[in-house]
Every structure is written in structure tokens, then in C-alpha cells.
Amino acid sequence: MPSGPVLIAYDGSDAADHAIRQAGSLVGGRPALVVVVWKAGLGFELLELPTSTIGLPPAAIDIRAALEIDAAMSERAQRMARVGAGLARDVGFEPAEGLAVAEDLEIPVWETIVRVARERDAQAIVVGAHGHGRLGEVLLGSTSRNVIRHAPCPVVVARAPKADAATAAPSRSRTREVAGP
């Protein structure tokens, strides 16, 4: 049995908040690591103009602006990790730590979540499933689906309640546990 924390993938969304609350009722009382993944270098990518497709020479990149964008994204991720850790403590995870992870643009978020879970010997991984219309009812998002496929431990996927279902039956849980390998 892994001895590390429950790893909670967190993006600050309502679905992620819901996942933390649902996981607290299932596996609260354990240590938690709330992980926020942000993409390092995105500031440079955002400032590149697609001029080559219209026959113009490449535009110069404002290095200072790109670095400022990345610094702002890092600060936002760290703040979000602290907020998620606070929410985890509020629902019974103790202790709860926040961790912002800078990742290369080429590496998918799910891969980072699974890597951190392995490194920290996570007992379980918690992810929130974002509803994406009717298709979201049938399929999980690619991040959730790939975490389930590759996780070294059990994965708890909490689907965000529908607005009307949340009002009509707030006590009905939409949390599922999927066994790991």
C-alpha cells in the first residue's frame, strides 16, 4: 500500500472544488498534496506571431513580456495551489500541501499528474471531470481518462453535478472510484 498523500489534481474550477469536497467525504483524514500544473514557456508561445503563414518575416519576441507572462502564470499557479490546499484542509485532509508544478509545453497535464503521484508514492489520485455537454456524459475528459489509464494507484473521479441535479438532489454523490493497476 502506498504511504504518500492523496494527490489532488486542481485547476481552480468548480469541478475541481467539487472533487475535493467529494474526496474529503471518501478519504478525508489523510495527508493531501494539491497539485496545480502550469505550462512554463507559454508566454513565449503566446507572443509568437504566425507571420510565416502569410509570407512575412518572423516577428521579434518581446523577451521581457514573455518572462512577465510566465512569472504571472507561476504566481497564479502557486496561489491556486494554496487555495486548493486550504479547501482540502477544510474538508478533512490533514495535513494538506499545495504544489505548483511548471511543466514543458510538450508534456500533457495527465503525464505530470501521474509522474508526481509516482514520485510521492500517492495513495490515490483525485481528479474532477468537467462536463462537456452530452459527450461529457458518456466520455471522461482526456486528462481524467489518461490519469486512470496510467496511474500507479486508485483514481477517484468526481463528476461535477448538473446545476438542476445539484438543486434537486444535493445529497446524491457523483463520485466514482476506479481501481488502479
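Residues numbered from 1 in each chain as written. Predicted model: local features only at pLDDT ≥ 70, side-chain atom pairs only at ≥ 80, totals over all residues. Heavy atoms only, no water.

Caption draft 1: Looking closely at the environment of Val35. Within the secondary structure, Val35 is located in strand 2 (residues 32-39). A relative accessible area of 1% places Val35 in the buried class. Residues Val35 and Val116, spaced 81 residues apart in sequence, show a C-alpha to C-alpha distance of 8.5 Å. Here Val35 is in contact with Leu7, Ile8, Ala9, Tyr10, Leu99, Val101 and Val116, once residues within four sequence places are set aside. (Helix = DSSP H or I, 4+ residues; strand = E, 2+ residues; numbered from the N terminus. Buried < 20%, exposed > 50% of the residue type's maximum accessible area, 1.4 Å probe, protein only. Contact = heavy atoms within 4.5 Å.)

Caption draft 2: Inspection of the packing of helix 1 (residues 14-27) against helix 3 (residues 63-90) at higher detail. Where helix 1 meets helix 3, the axes come as close as 9 Å, and the angle between the chain directions of the two elements is 30°. Considering the angle they form, helix 1 stands roughly parallel to helix 3. Read as a crossing pair, helix 1 and helix 3 show a hand that is right-handed. From helix 1, Asp17, Ile20 and Arg21 reach across to helix 3, where they touch Gly84, Leu87 and Ala88. (Axes fitted to C-alpha atoms, helices over the stretch in contact; angles between N-to-C directions. Parallel < 35°, antiparallel > 145°, perpendicular 65-115°, else oblique. Left-handed = near helix turned anticlockwise from the far one by under 90°.)

Caption draft 3: Structural detail: the nonpolar core. Ranked by internal contacts, the top residues of the largest apolar core, which has 23 residues, are Ile8, Tyr10, Ala88, Phe93 and Val126. For this core, the secondary-structure elements that each account for two or more residues are strand 1 (6-9), helix 1, strand 2, helix 3 and strand 5 (155-159). The next biggest cluster of nonpolar side chains, apart from the first, holds 20 residues, and it includes Ile113, Val127, Val147 and Cys153. (Core = buried A, V, L, I, M, F, W, Y, C linked by side-chain atoms within 4.5 Å.)

Caption draft 4: Geometry of the pairing of strand 4 (residues 124-129). Among the six residues that make up strand 4, six are buried, leaving the element largely enclosed by the rest of the structure. The alternating pattern of strand 4 places Ala124, Val126 and Gly128 on one face and Ile125, Val127 and Ala129 on the opposite face, and all of these are buried. Two strands pair when backbone bridges link them, and strand 1 and strand 4 are joined in this way by three bridges, in the parallel orientation. Bridge pairing links Leu7 to Ile125 in strand 4. (Pairing = 2+ DSSP bridges.)

Caption draft 5: Seen up close, the packing of helix 4 (residues 109-119) against helix 6 (residues 142-150). Axis separation between helix 4 and helix 6 bottoms out at 8 Å; the angle between their running directions is 35°. Taken as a pair, helix 4 and helix 6 cross one another with a handedness that is right-handed. Contacts between helix 4 and helix 6 involve Val109, Trp110, Ile113, Val114 and Arg118 from the former and Thr143, Asn146, Val147 and His150 from the latter.

Caption draft 6: Structural context of the pattern of salt bridges. Under the definition given, this model contains three salt bridges. The partner of Arg120 in a salt bridge is Glu97, with the nearest N and O atoms 4.0 Å apart. Here Glu97 lies in strand 3 (residues 96-103) and Arg120 lies in the loop between helix 4 and strand 4, a separation of 23 residues in the sequence. Taking the relative accessible area as the measure of exposure, Arg120 reaches 35% and is therefore partly exposed. Among the ionic pairs, Glu103 bridges to Arg115, the shortest N-O distance being 3.1 Å. On the criterion of sequence distance, the pair formed by Glu103 in strand 3 and Arg115 in helix 4 is long-range, its members being 12 residues apart. On the basis of relative accessible area, Glu103 is assigned to the buried category, the value being 10%. Using a relative accessible area of 33% as the deciding quantity, one classes Arg115 as partly exposed. One salt-bridge network, in which partners are shared between bridges, spans Glu103, Arg115 and Glu119. (Salt bridge = Lys/Arg side-chain N within 4 Å of Asp/Glu carboxyl O.)

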